[in-house]
Amino acid sequence: MLELKGLEKKYGRNYTAVKKMDLTIREGEFFSILGPSGCGKTTLLRMIGGFETPSQGQIIYDGKRIDPLPANQRQFNMVFQRYALFPHLSVWENLAFGLKMKKVPEIDLRTRVNEALLMVKMESFAHRGIATLSGGQQQRIALARALVNRPRVLLLDEPLSALDLKLRQQMQVELLSIQRRLKHTFIFVTHDQEEALTLSDRIAVMNGGNVEQVGTPQEIYEYPKTPFVAQFIGQVNTIEGEVKEARPDTILVSGAARRVLMVKPSRDGQRPLPVALPGTPVKILVRPEKLKVLKSAPGPEQNAIEGTLREVLYQGAVTQLFVMPRDGSAPLIVSQPNTAVTARRSFNLGDKVFVAWLPEDCLLMGREAALPVAENSVSIAPPLLTVVGPPPESSGAALA
Amino acid sequence: MESMEKIRPRSPLIAKLMTAIAFLMLYVPLFALVIYSFLGPSAGPGSPQAWTLEWYRRILVNGEVLDAFNMSIYVGIWSTLVSTLLGTAAALAIERFRFPGRQLFDMITHVPLIMPEIVLGLALLIWFVVLRITLGPFSMILAHTTFSVSYVIITVKSRLQGFDDSLEEAAHDLGASPWQTFWKVTLPLIWPGVLSGALMAFTLSFDDFLITFFTAGVGSDTLPLKIYSMIKFGVSPEINALSTLMLGATLILVVFFFRPSKGAPTHA
Ligand SMILES: Nc1ncnc2c1ncn2[C@@H]1O[C@H](COP(=O)(O)OP(=O)(O)OP(=O)(O)O)[C@@H](O)[C@H]1O
Ligand SMILES: [Mg+2]
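Reading the values: rules and limits
Note that residues are indexed from 1 along each chain, following the sequence as it is written. Lettering of chains starts at A and numbering of ligands starts at 1, both following the order in which they are written. This being a predicted model, a pLDDT of at least 70 is required before a residue's local features are given, and a value of 80 or more before pairs of side-chain atoms are given or counted; all residues contribute to the totals for chains, interfaces and linings. Excluded from the side-chain calculations are hydrogens and water; all other atoms, namely the structure's heavy atoms, are used. Helix and strand assignments follow DSSP, with helices taken as H or I runs no shorter than four residues and strands as E runs no shorter than two, numbered in order from the N terminus. A contact between two residues is defined here by any heavy atoms of the two lying within 4.5 Å. For accessible areas, the Shrake-Rupley method is used with a probe of radius 1.4 Å. Any residue's cover is judged against the shown protein chains and nothing else. For every element, the axis is a line fit to its C-alpha atoms; helices are fit only across the contacting stretch, and the angle between N-to-C directions ranges from 0 to 180 degrees. Any angle between 65 and 115 degrees counts as roughly perpendicular, while under 35 counts as roughly parallel, over 145 as roughly antiparallel, and the rest as oblique. It is the rotation of the near helix from the far one that decides the hand of a crossing: anticlockwise by less than a right angle makes it left-handed, clockwise makes it right-handed. Charged means Asp, Glu, Lys or Arg here, nonpolar means Ala, Val, Leu, Ile, Met, Phe, Trp, Tyr, Cys or Pro, and polar covers whatever is left, Gly included. Residue exposure (1.4 Å probe, protein chains only): buried if accessible area is under 20% of the type maximum, exposed if over 50%, otherwise partly exposed. Being near a molecule or strand, for a residue, means having at least one of its heavy atoms within 4 Å of it. Side-chain atoms alone can form a polar contact between residues adjacent in sequence; in general such a contact is a pair of N or O atoms within 3.5 Å, and within protein one must be able to donate a hydrogen while the other accepts it. Pairs of strands are assigned from DSSP output, requiring at least two bridges between the strands. By definition, pLDDT measures how confident the predictor is in each residue, and it falls between 0 and 100. When two rings of Phe, Tyr or Trp (its six-membered ring) have centres within 6.5 Å they constitute a pair, described as stacked for plane angles under 30 degrees, edge-to-face for angles over 60, and tilted for the intermediate range. Whether a charge lies above a ring is judged from NZ of Lys or CZ of Arg, which has to be within 6 Å of the ring centre and within 35 degrees of the ring normal. Domain delimitation in this document rests on an assignment produced automatically or drawn from a domain database. By definition, the buried area sums, over both parts, the 1.4 Å-probe accessible area that each loses when the two are put together. Salt bridge, as applied in this entry: a Lys or Arg side-chain nitrogen positioned within 4 Å of an Asp or Glu carboxyl oxygen. As used here, the arc belongs to the directions running from the helix axis to the C-beta atoms. Grid points spaced at 1 Å and placed over the protein atoms alone form the basis of the search, with a cavity being a set where a 1.4 Å probe fits but cannot get out and a pocket an open set showing protein on both sides within 12 Å along at least five of seven lines. Lining residues have an atom within 4 Å of a point. Grid points are joined across faces, edges and corners, and a volume is the space filled by probe spheres set on the points.

Novice: Hey, could you run me through the overall build of chain B in this one?
Specialist: Counting its regular elements, chain B contains 13 helices and zero strands. For chain B, contacts bridging at least 24 residues in sequence account for 72% of all contacts bridging at least 6. For chain B, the computed accessible surface area is about 15900 Å², with 73% contributed by carbon and sulfur atoms.

Novice: So what exactly am I meant to see when it comes to the environment of Ala370 of chain A here?
Specialist: Residue and element names in this part refer to chain A. For Ala370, the position within the fold is in the loop between strand 20 (363–366) and helix 10 (375–379). A sequence separation of 174 residues divides Ala370 from Ala196, and the C-alpha atoms of the two residues are 23 Å apart. When neighbours within four sequence positions are excluded, Ala370 is seen to be in contact with Lys225, Thr226, Pro227 and Met365.

Novice: Where do I start with the packing of helix 2 (residues 91–101) of chain A against helix 4 (residues 135–147) of chain A in this structure?
Specialist: When two helices pack together, their arrangement is given by the angle between the helix axes and the distance between those axes. All names here are of chain A. Where helix 2 meets helix 4, the axes come as close as 7 Å, and the angle between the chain directions of the two elements is 30°. Regarding the angle of helix 2 to helix 4, the classification is roughly parallel. Crossing angle aside, the handedness with which helix 2 passes helix 4 is right-handed. Residues Val91, Asn94 and Leu95 of helix 2 form the contact with helix 4, whose own contacting residues are Ile141, Ala144 and Arg145. The residue inventory of the contact of helix 2 with helix 4, partitioned by class, reads four nonpolar, one polar and one charged.

Novice: Where do I start with the side chain of Gln138 of chain A in this structure?
Specialist: Of note, Gln138 of chain A is situated in helix 4. Take Gln138 of chain A: its relative accessible area is 11%, and that puts it in the buried class.

Novice: Explanation requested: the site of ligand 1 in the structure shown.
Specialist: All names here are of chain A. In the neighbourhood of ligand 1, the contacting residues comprise Tyr11, Tyr15, Ala17, Pro36, Ser37, Gly38, Cys39, Gly40, Lys41, Thr42, Thr43 and Glu158. Measuring from a nitrogen atom of ligand 1, one finds a side-chain N or O atom of Tyr11 at 3.3 Å. Between an oxygen atom of ligand 1 and a side-chain N or O atom of Thr42, the distance comes to 2.6 Å. For ligand 1, whose accessible area on its own is 630 Å², the fraction buried by protein is 60%. Those elements that provide at least two residues to the shell around ligand 1 are strand 2 (15–25) and helix 1 (41–49). It is helix 1 that contributes the most residues to the shell around ligand 1, three residues altogether. Its residues assigned to classes, the shell around ligand 1 comprises five nonpolar, five polar and two charged.

Novice: Would you take a moment to explain the sheet that holds strand 9 (residues 202–207) of chain A for this structure?
Specialist: Within a sheet, each strand pairs with its neighbour through backbone hydrogen bonds, oriented either parallel or antiparallel. All names here are of chain A. The mixed open sheet is built from six strands, whose spatial order is 6-7-8-3-9-10. Looking along the sheet, the strands with just one partner apiece sit at the ends: strand 6 (76–79) and strand 10 (210–215). This sheet shows a mean twist of 20° between the axes of neighbouring strands, independent of strand direction. With five bridges joining them, strand 9 and strand 10 adopt antiparallel strand pairing. Looking at strand 10, one finds that Ala204 is bridged to Val214. Contacts from helix 1 reach strand 3 (30–34), strand 6, strand 7 (153–157), strand 8 (185–190) and strand 9, with the element oriented near 150° to strand 7.

Novice: Whenever I open this one, the confidence of the model for chain A confuses me. Can you help?
Specialist: Caution applies to low-pLDDT parts of the model: their predicted coordinates are not meant to be read in detail. Per-residue confidence for chain A gives a mean pLDDT of 86, with 91% of residues at or over 70. Taken as a whole, residues 377–400 of chain A scores under 50 in pLDDT and shows 35 contacts with residues more than four places along the chain or in a different chain.

Novice: Is there a simple way to think about the packing of aromatic side chains in this case?
Specialist: Each aromatic ring pair is summarised here by two numbers: the centre-to-centre distance and the angle between the ring planes. Scanning the entire structure with this criterion turns up 17 aromatic pairs over all chains. On the numbers, 5.5 Å between centres and 45° between planes, the contact of Phe30 of chain A with Phe186 of chain A is tilted. Separated by 156 residues along the polypeptide, Phe30 of chain A in strand 3 and Phe186 of chain A in strand 8 bring together distant segments of the chain. Since its relative accessible area comes to 0%, Phe30 of chain A is described here as buried. Following the ring pairs from residue to residue traces out a cluster consisting of Phe209, Phe213, Phe214 and Tyr228 of chain B. The ring of Phe86 of chain A carries the charged tip of Arg145 of chain A above its face, separated from the ring centre by 4.7 Å.

Novice: For this particular structure, what's the right way to read the domain arrangement of chain B?
Specialist: Think of interface size as the accessible area that goes away when the parts come together; that is how it is often given. Residues and elements named next belong to chain B. As assigned here, chain B comprises domain 1 (13–40 + 49–56) and domain 2 (63–257). Centre-to-centre, using C-alpha coordinates, domain 1 lies 30 Å away from domain 2. Facing seven residues of domain 1, the contacting portion of domain 2 comprises eight residues. Here domain 1 and domain 2 share an interface that buries about 710 Å² over both sides, 80% of which is from carbon and sulfur atoms. Counting the surface domain 1 buries against domain 2, the share from its top three residues, Leu33, Trp55 and Tyr56, is 66%. Where domain 1 touches domain 2, the interface holds zero salt bridges. Here domain 1 is connected to domain 2 by one residue pair in polar contact (both at pLDDT 80 or more). Of all the elements in the fold, those that place two or more residues in the side of domain 1 that touches domain 2 are helix 2 (13–37) and helix 3 (54–61). Residue contributions to the side of domain 1 that touches domain 2 peak at five residues, all from helix 2. Classifying every residue of the side of domain 1 that touches domain 2 gives six nonpolar, one polar and no charged.

Novice: Would you mind showing me how to read the side chain of Arg74 of chain A here?
Specialist: Residues and elements named next belong to chain A. The topology assignment puts Arg74 in the loop between strand 5 (64–65) and strand 6. Within the structure, Arg74 has its side chain in polar contact with the backbone oxygen of Met47 (distance 3.0 Å). Here Asp67 takes part through its backbone oxygen, which lies 3.1 Å from a polar atom of the side chain of Arg74. Residues contacting Arg74, with those up to four places away along its chain left out, are Met47, Ile48, Gly49, Gly50, Ile59, Ile66, Asp67 and Leu69.

Novice: Can you walk me through the pattern of salt bridges in this structure?
Specialist: Charged atoms that come close allow side chains of opposite charge to pair. Residues and elements named next belong to chain A. Using the criterion set out here, one finds 26 salt bridges over all chains in the structure. Among the ionic pairs, Glu52 bridges to Arg46, the shortest N-O distance being 2.9 Å. The pair Glu52 / Arg46 is uniform in exposure class, with both members buried. Note that Lys290 and Glu222 form a salt bridge whose closest N and O atoms lie 3.5 Å from each other. Of this pair, Lys290 sits in the loop between strand 14 (281–286) and strand 15 (292–294) while Glu222 sits in helix 7 (residues 217–222), placing them 68 residues apart in sequence.

Novice: Mind showing me how you'd approach helix 3 of chain B here?
Specialist: Structurally, the α-helix is built with 3.6 residues per turn, so residues lying three or four positions apart point the same way. Inspection of helix 3 of chain B places Trp55, Tyr56 and Ile59 of chain B among the buried residues, and these make up the whole buried set. One side of helix 3 of chain B holds all its buried residues, which, seen down the axis, span an arc of 100°.

Novice: What am I meant to see in empty space enclosed by the protein here?
Specialist: Any empty space left between the atoms is revealed when a probe the size of a water molecule rolls over them. A full pass over the atoms with the stated rule returns two cavities of 30 Å³ or more. Its boundaries defined by the atoms lining it, the largest cavity holds a volume of some 160 Å³. Residue lining of the largest cavity: 18 residues in total, with Glu222, Arg271, Arg287, Lys290 and Asp361 of chain A positioned closest to the centre. Only helix 7 and strand 14 of chain A provide two or more residues apiece to the lining of the largest cavity. When its residues are assigned to classes, the lining of the largest cavity shows 10 nonpolar, one polar and seven charged. Summarising the domain contributions, the lining of the largest cavity has at least three residues from each of domain 1 (2–227) and domain 2 (235–385) of chain A. Volume-wise, the second largest cavity comes out at about 30 Å³. Around the second largest cavity, the lining residues are Met78, Val79, Phe80, Ala142, Arg145 and Ala146 of chain A together with Asp173 and Leu174 of chain B. Contributing elements (two or more residues each) for the lining of the second largest cavity: strand 6 and helix 4 of chain A. The dominant element in the lining of the second largest cavity, judged by the number of residues it contributes, is helix 4 of chain A, at three residues. Across the lining of the second largest cavity, the residue classes break down as six nonpolar, no polar and two charged.

Here it is in structure tokens:
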């Protein structure tokens, strides 16, 4: 188990790249650190690896403080963003480098290097020079060079960012299968939210040097705790308004055009209603795939906004529809899976339509930050496991 | 290759002419020197001069010339060693560390390149006298190191500028101590720069006249000094032969270090 306690990194006197961070990473976990460029991900990873001295705080591994140790004395290995393979050594020598430093006997060294080459499917490249490898091959060698040392924790700094999409997806799968097999702890830095969602057991979302939320991909996606997390992970529609009335199970929000929208706790209880006094300025956040486009107004159990269909974008698996609300507020993005009946056939540009969604499928946040949640309402949440599964399917008339 | 040749515009006649003249001015004297070094004494007026290696033989048995040659090699090797060590260390310090006065230090390293040699020679002479350093091989080594080190710093620095720092971090990450990292990663990668710096230092030391002249003292002539003192008695075929040998040695060195560097790139 790797624990970060109040870890902080200052550059110069008044720039803090990583702020008072507390984080626990479990043994054997695929843990991602996700955040926009410049939020401090690399800085955090470099502190864990021993390449950057923390300004404050502790790094504890297996109950022992490791932050005073230099990088060559930590049982961690790093895969660098630009691979950092030694250009003057062959593939084989690159892989053997770490083992030689640790004075592993020659016979062991051979078997381990061969194993590692096999693991990344590069056994026929052992005696090639680094400069003769393609980007994807270099990536594999960089991974193998770290893995051959059997690190307790493997640190990966955006290792796939230089690869094209196809290779990237292929490497994601391989990375995951290697991690599942070896059961090493992987700490994976990325700014690609899809990659983080696909690969991780848990994700820490960072912003401006802070961790905004730590959770499983489902928790992060379905139950973002802050507006930043909601907006950074996936697409989200934002509707601004003001709290009109707070009932025990529903909060009513009045939108700009005196439309009243309802917000209810999610059906699985994972997302309790926040505490919001009438008059509080709020945002309603709702994912594009939770919205439906209807030709007529839905029943009173659903939220609805009337508008004009502005754009239909066919994207293969889904179709995105842009609806301009009647009150002139920001267009709503609706994402509908493409079934046999495609959206294009059902709607024409300029049609008057209704965008509808269930009150359970949206989130209520303050304008800048999350709203507080009452303590007792958290306790009614069922255990974590029940969350795993398809998101609750909203009923109501779909396209047809 | 051929298609590339075709794209290039033809050079105008005047350019060709000027190139030819420049080459002529540069190489005809050298050529003459080489030719003369191989020409034997004429048997009498009217009879042609014959090809001979006589002058070379005389040079090679001339004890004073051999002493001067040994001195040149001795000074050259030591000043090369010292300036390569110092220069590489200085280049690493300038490129890797932030320390007060770094910029100034960086600038100062260029001074010997632009300073008139005679000024440097005189300054060194005065300095050695002040410090009571006996003029001789030791003072020459110090003097040669003073200017050679700049060249080493510049060649090593240019090699370090393309160096990917994460390579050293990677070595460290794989368990190498700072010392091991230097020997296994940093040095092999900057080696071409170090080598060409060293070759340049040796060539400069071997060929230097002015600064050596000021700092040599009595009885420790290097080859260039020896040639100069021989010229005082007139240009002899022996001098031509000796100069040709020096030319040859220098050419060999130059061919070595102007060869396109085949070292690995300093970044992956
Ligand atoms: N050595 C340094 N000196 C000063 N500031 C630094 C240094 N290294 C990083 N920073 C600053 O710290 C902040 C965080 O940098 P970091 O490299 O950790 O970001 P990141 O999240 O990895 O970004 P990216 O996704 O672009 O790699 C940035 O604003 C950066 O400018
Ligand atoms: Mg980074």
